[in-house]
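Structure assessment
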Amino acid sequence: MAWRVLTYVVLVIAVAVGLLVTGVPTQLGFWRWLVNCTGHPFLVGFAPGFMRPGDNQYSYEELGKLDLSGQSAIVTGANIGLGYETALHLTRQGAHVILACRNAGKCADAAARIAANTTRGSVEAATLDTSSLQSVRSFAEGMLARQSTLDMLVLNAGIGFQQQKELSADGIDMTFATNHLGHFHLFQLLLPLLESGGKTGAARVVLVSSAAHFDSFDYGVATSVEQLTAIAPGQQMHYGMSKLAQVLFAQEATSRLPADSKVFINACHPGAVDTNLWERVLDQFGREKLLVRIFALIVDRMRKDFIWRTEDGALTQLFLAADSAAISTRNLRGRYFHPQALEVAPCKKHATNLTLQRELWAFSERLVADALAK
Ligand SMILES: NC(=O)c1ccc[n+]([C@@H]2O[C@H](COP(=O)([O-])OP(=O)(O)OC[C@H]3O[C@@H](n4cnc5c(N)ncnc54)[C@H](OP(=O)(O)O)[C@@H]3O)[C@@H](O)[C@H]2O)c1
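Residues numbered from 1 in each chain as written. Predicted model: local features only at pLDDT ≥ 70, side-chain atom pairs only at ≥ 80, totals over all residues. Heavy atoms only, no water.

**Some words on the overall build of the protein chain**
Here is the rule we go by: Helix numbering and strand numbering both begin at the N terminus, where a helix is a DSSP run of H or I of at least 4 residues and a strand a DSSP run of E of at least 2. This radius of gyration counts C-alpha atoms alone. The globule rule is 2.2 Å times how many residues there are, raised to the power 0.38. Only protein chains enter the calculation, and the probe is 1.4 Å; a residue is then buried if its accessible area is under 20% of its type maximum, exposed if over 50%, and partly exposed in between. Should any heavy atoms of two residues lie within 4.5 Å, those residues are counted as being in contact. The Shrake-Rupley method, run with a 1.4 Å probe sphere, supplies the accessible areas, and residue values consider only the shown protein chains as cover.
Broken down by element type, the protein chain carries 16 helices and eight strands. Against the 2.2 N^0.38 benchmark of 21 Å for 374 residues, the protein chain shows a C-alpha radius of gyration of 21 Å, consistent with a compact globule. Dimensions of the protein chain, computed from the C-alpha atoms along their principal axes, are close to 70 × 50 × 40 Å. Scored against the burial criterion, the 374 residues of the protein chain give a buried share of 55%. Taking the contacts inside the protein chain whose residues are at least 6 apart along the sequence as the reference set, 78% of them involve residues at least 24 apart. When the accessible area of the protein chain is evaluated, it comes to approximately 16,300 Å², of which 57% is carbon and sulfur surface.

**Here we look at the domain arrangement of the protein chain**
Condition: Where each domain begins and ends follows an automated or database-derived domain assignment. By buried area we mean the combined loss of accessible area, with a 1.4 Å probe, across both parts when two parts are placed together. Polar contacts here mean pairs of N or O atoms no more than 3.5 Å apart (in protein, one a potential hydrogen donor and the other a potential acceptor; neighbouring residues in sequence count only if both atoms are side-chain atoms).
Considered domain by domain, the protein chain is made up of domain 1 (1–39) and domain 2 (40–273 + 308–373). The C-alpha centroid of domain 2 is placed 34 Å from the C-alpha centroid of domain 1. Taken residue by residue, the interface counts eight residues in domain 1 and nine residues in domain 2. Buried surface at the junction of domain 1 and domain 2, summed over both partners, amounts to about 730 Å²; 68% is from carbon and sulfur atoms. On the domain 1 side of the contact with domain 2, Trp 31, Arg 32 and Val 35 bury the most area, a combined 60% of that side's loss. For the interface between domain 1 and domain 2, the tally reads two residue pairs in polar contact (both at pLDDT 80 or more).

**Quick notes on a nonpolar patch on the surface**
Definition in use: Exposure above 30% relative accessible area and the absence of a salt bridge qualify a residue for a patch, where like charges join within 9 Å and nonpolar side chains (Val, Leu, Ile, Met, Phe, Trp, Tyr) within 5 Å. In the sections that follow, a salt bridge refers to a side-chain nitrogen of Lys or Arg positioned within 4 Å of a carboxyl oxygen of Asp or Glu.
Taken together, the side chains of Val 15, Leu 19, Val 24 and Leu 28 define a hydrophobic patch exposed on the protein surface, amounting to about 360 Å² of accessible area. Secondary-structure assignment places Leu 28 in the loop between α2 (24–27) and α3 (30–38). On the accessibility criterion, Leu 28 (69% relative accessible area) is exposed.

**Points about the site of the ligand**
Short version of the rule: Near residues are defined by distance, with any heavy atom within 4 Å of the molecule or strand qualifying the residue. Residues are grouped as follows: Ala, Val, Leu, Ile, Met, Phe, Trp, Tyr, Cys and Pro are nonpolar; Asp, Glu, Lys and Arg are charged; all remaining types, including Gly, are polar.
Surveying the vicinity of the ligand reveals 31 residues, the closest of which are Asn 79, Arg 102, Tyr 239, Thr 275 and Arg 280. Separating an oxygen atom of the ligand from a backbone N or O atom of Gly 77 is a distance of 3.2 Å. At 2.8 Å from an oxygen atom of the ligand is found a main-chain nitrogen or oxygen belonging to Asn 156. When the free accessible area of the ligand is taken as 900 Å², the share hidden by the protein chains comes to 98%. For the shell around the ligand, the elements supplying multiple residues, two or more each, are α5 (81–92), α10 (236–256) and α11 (276–285). Broken down by class, the residue content of the shell around the ligand amounts to twelve nonpolar, 14 polar and five charged.

Right, here's the structure in full:
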């Protein structure tokens, strides 16, 4: 009896996976139907097959019309993946782009590749480890010493699921430190450069969050050291929490600025995108395990045929960074977007909780102050 049930379960899973990777559900419009039917914002723009008529609100054609010459941008985690594509396309439109990466060698290589693939704009490499508040501080000091303004700040660097608990150089949970806290402090330090609004009078800050923010702990985001320390290793919601922190941060930072501020801060989910993030997640699970090897085959197939190409995944953050006219005309402040540049309601339970927003801000300030006082 048990064998029979197991056989059925394996068969059902095999058929589901088979259908998924063949593209049949996409061709039949199953994913579009699923988005409409469930109405859950998590699914909006998840992958190309999920796009409904009207979801494609932005394109490379639109981006190609922009002239970003005379504008400057900082993109964190720009040596690869979404950050690299963002930096490449901002440069192509004429901006001066500073790649802020933790590995100087990889950063210089990326800058050379961008320079070789663009005829406009300019690019340079700088070192920034977002998990280290000291690194954030020295990077920001360098920028404040040489720049008088900044037009775009793309807070993109990030790590995904972590199987082991790891602490940053400041003794703070590594996922929280890398994805949220380092960016929080960087924004605070660079705000004086953004406040004039840059060349267009509308400086843009983008937090590259994730739809994973819908999947966080019951309390939303840790707002005390005790809560942060209590998170057990290997919990998927841990990543979701750091991404929720970014959505809350975009809203709280906006509400702390005057209503007519020249700084426009928004968050986005790039969709499920074919980047190295997936490799890193598989590494975390342990590639030597049989189940992980099977899972890796499915992931590989999905990366090829199902999810967004990196270039298309970068489009929403590019819109929020580059299109100053649309951002200021539509007065987009503290909002949340999915592919392609489609505004979506963030997690209702937590992201609109004003108390949580304020508590997270106060907690982040405390963590920064304590770490720098050590
Ligand atoms: N790919 C997706 O499906 C997906 C979905 C939702 C959200 N996102 C978000 O998109 C953003 C970009 O990720 P991706 O998909 O492009 O992944 P990726 O290819 O792994 O790129 C991540 C980038 O972040 C950098 N980074 C990691 N830790 C850092 C640190 N401490 N300091 C500075 N840079 C650091 C990496 O540098 P190294 O190369 O040196 O490690 C790399 O440049 C992340 O915030 C991620 O959470 C991605």
